Amino acid sequence: MRLAWTRSRRRWAWALVLVLAAVALAVPLTLARRRGPTPSGTPVNVLLKDFEVQQDAAVVPAGTVSFRIRNQGPTSHEYVVVRTDRAPDKLPLQRDGLTVDEEGPGMDLVDEAEALDIDDRQTLVLDLAAGHYVLYCNLEGHYLGGMYAALTVR
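Once a new chain begins, its residue numbering starts again from 1 and follows that chain's sequence as written. Local features in this predicted model are restricted to residues of pLDDT 70 or higher, and side-chain atom pairs are both shown and tallied only at a pLDDT of 80 or more, whereas totals for entire chains, interfaces and linings draw on every residue. Side-chain measures here rest on the full set of heavy atoms in the structure, leaving out hydrogens and waters.

## Some points on the overall build of the chain
Along its length, the chain carries one helix and nine strands. Walking the chain from its N terminus toward its C terminus, one meets helices and strands in the order α-β-β-β-β-β-β-β-β-β. Residue burial in the chain is summarised as follows: out of 154 residues, 31% are buried. Residues are treated as being in contact if the distance between any of their heavy atoms lies within 4.5 Å. Sequence-distant contacts in the chain: of pairs separated by 6 or more residues, those separated by 24 or more amount to 67%. When the accessible surface of the chain is split by element, carbon and sulfur atoms take 55% of a total near 9,700 Å². Runs of E in the DSSP output that reach at least two residues are strands. Runs of H or I that reach at least four are helices, and both are numbered from the N terminus. Three exposure classes are used, based on accessible area relative to the maximum for each residue type with a 1.4 Å probe and protein chains only: buried under 20%, partly exposed in between, and exposed over 50%. Residue burial considers only the protein chains on display, and all accessible areas are found by Shrake-Rupley using a 1.4 Å probe.

## Some thoughts on the packing of aromatic side chains
Two rings from Phe, Tyr or Trp (for Trp, the six-membered ring) form a pair when their centres are within 6.5 Å of each other. A pair whose planes differ by under 30 degrees is stacked, one over 60 is edge-to-face, and the rest are tilted. Under the defined criterion, the tally for this structure stands at three aromatic pairs. With centroids separated by 5.9 Å and ring planes inclined at 70°, the aromatic side chains of tyrosine 136 and tyrosine 143 adopt a geometry described as edge-to-face. Here tyrosine 136 and tyrosine 143 have matching classes, each one buried. Each residue in the set Tyr136, Tyr143 and Tyr148 is aromatic and connected to the rest through ring pairs, giving one cluster.

## Details of unusual backbone geometry
Residue proline 74 follows glycine 73 across a cis peptide bond; omega there is 10°. Take proline 74: it is sitting in the loop between β4 (63-71) and β5 (77-83). For phenylalanine 51, which is not a glycine, the phi torsion comes out positive at approximately 60°. Mapped onto the elements, phenylalanine 51 comes out in the loop between β1 (42-49) and β2 (52-55). One non-glycine residue, alanine 115, adopts positive backbone phi at about 50°. With respect to the element layout, alanine 115 can be found in strand β6 (residues 108-116). The class of alanine 115 is exposed, set by a relative accessible area of 62%.

These values are about where atoms sit, not about what they do.
Now the structure itself:
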């Protein structure tokens, strides 16, 4: 039995081809956008969790460092990088007593990734000189809850 290609069947066939072409184009573009550009330098994977900063490196070489940050929740977080000789749990607090004074004595704010929603991913690429750094979340009470980590750059 042979199918007759009526005008209606041709339209459906073209519609199907256009939908498949759109999907074939959209999927790789979506995946590429989710991954983002490939950063250079020393990669450091960072996981922000409930009152915890986990990173897969505590010591990195001086130069370009790519912090690949993922917020695993359960709330929004931020990721602040400061150069300081202070211990990670001894950063100066603001008058509110709930957040770190990023411009306080002995603090050198390097950069930050702000407003990371649950399951957001962001890469923060920094050029770091040798020294000691503290990485933390500065949302109210998060630092006080233990959401910080140390990093040594050699």
